[in-house]
Amino acid sequence: MRILIVEDEKDLAYVLSETLKLEGYNIDIANDGEYGLDCALTGVYDLIILDVMLPKINGFDVLKQLRTANIHSAVLMLTARSQIEDKVEGLDSGADDYLTKPFITKEFLARVRALCRRRSNEYVSDRPQFGDIILDTPHHELHCGDKRIMLSKKEYDLIELLILNKGKVIGKDVMITKIWGYETDVEYNSIEVYISFLRKKMKALNSAVSIQTSRGVGYFLAEDKNG
Ligand code: CA
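A brief structural summary. (Residues numbered from 1 in each chain as written. Predicted model: local features only at pLDDT ≥ 70, side-chain atom pairs only at ≥ 80, totals over all residues. Heavy atoms only, no water.)

**Some words on the overall build of the protein chain**
Next, step 1: Looking only at helices and strands, one finds eight helices and twelve strands in the protein chain.
Next, step 2: For the protein chain, whose C-alpha radius of gyration is 19 Å, the value lies close to the compact-globule estimate of 17 Å for 227 residues.
Next, step 3: Overall, the protein chain is about 60 × 35 × 30 Å in size when its C-alpha atoms are taken along their principal axes.
Next, step 4: Counting all 227 residues of the protein chain, 48% fall into the buried class.
Next, step 5: Contacts spanning at least 24 positions in sequence make up 57% of the contacts within the protein chain whose residues lie at least 6 apart.
Next, step 6: About 11500 Å² of surface is accessible on the protein chain, with carbon and sulfur atoms providing 50% of the total. (Helix = DSSP H or I, 4+ residues; strand = E, 2+ residues; numbered from the N terminus. Rg over C-alpha atoms; globule rule 2.2 N^0.38 Å. Buried < 20%, exposed > 50% of the residue type's maximum accessible area, 1.4 Å probe, protein only. Contact = heavy atoms within 4.5 Å. Areas by Shrake-Rupley, 256 points an atom, 1.4 Å probe, with all protein chains shown as cover.)

**Examining the sheet that holds strand β6 (residues 129–130)**
Next, step 1: Read from one edge to the other, the open sheet built from four strands follows the order β6-β7-β8-β9, with strand pairing classed as antiparallel. A strand with exactly one partner marks an edge of an open sheet, and here the two such strands are β6 and β9 (147–150).
Next, step 2: Relative to strand β8 (residues 141–144), strand β7 (residues 133–136) runs antiparallel, the two being bridged by four bridges. Among the inter-strand pairings, Ile 133 is bridged to a residue of β8, identified as Cys 144.
Next, step 3: Docked against the sheet, helix α6 (residues 153–164) engages β6, β7, β8 and β9, running at close to 130° with respect to β7. (Pairing = 2+ DSSP bridges. Axes fitted to C-alpha atoms, helices over the stretch in contact; angles between N-to-C directions.)

Read these as spatial facts, not as claims about activity.
Structure representation (structure tokens):
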């Protein structure tokens with residue numbers, strides 16, 4: 001899961017970012033509305049945490065422009081307590097949820113988890129599943145029957161992306177932007193290396209699910225139903 005935080009209070013942005021990183025999310029930060037909009041328009045974010053009062057372009061206008069551009073990332077708006085009408089305006093302009101500042105971390109994380117779950121349409125999102133494999137989110141493990149194996153951070157991110165997309169082909173460029181961010185110089189062969197690690201691990205689990213290559217495009221999960 002990749003999350004964009006658009007917040008001009010740098011200390012707050014930093015704390016939110018570190019909190020979310022501990023939960024295993026990939027985070028980018030934008031400190032004003034204009035840069036936030038640029039980032040968000042790439043469409044790679046599962047969730048955007050969007051402050052209302054922002055330099056250059058305010059949060060509502062960022063949101064309106066995103067929805068006009070058909071970007072359907074989930075949006076959690078952050079509003080100040082004094083801005084009571086913000087809630088209505090925020091929801092009207094296409095926000096999925098809002099949170100009033102100041103808020104406690106526990107509630108923030110609960111909202112983030114709920115939005116990411118809704119986003120992935122996966123109502124047991126701490127155990128997303130495809131065929132006989134189950135991703136154990138809290139422990140960063142992949143399970144198959146009674147076998148389990150630990151995943152590195154990047155392996156975890158890759159298999160999560162494949163599982164949540166339920167057999168759809170994911171392009172290598174999408175994998176790179178979702179997992180490494182769009183300002184990265186990671187190359188396709190790094191993806192290939194992580195995919196080969198994952199394939200070995202899935203083989204060790206004796207899973208009927210495998211990562212298939214769509215030549216020249218990317219990868220997808222498939223299940224061999226004949227075992
Ligand atoms: Ca602000």
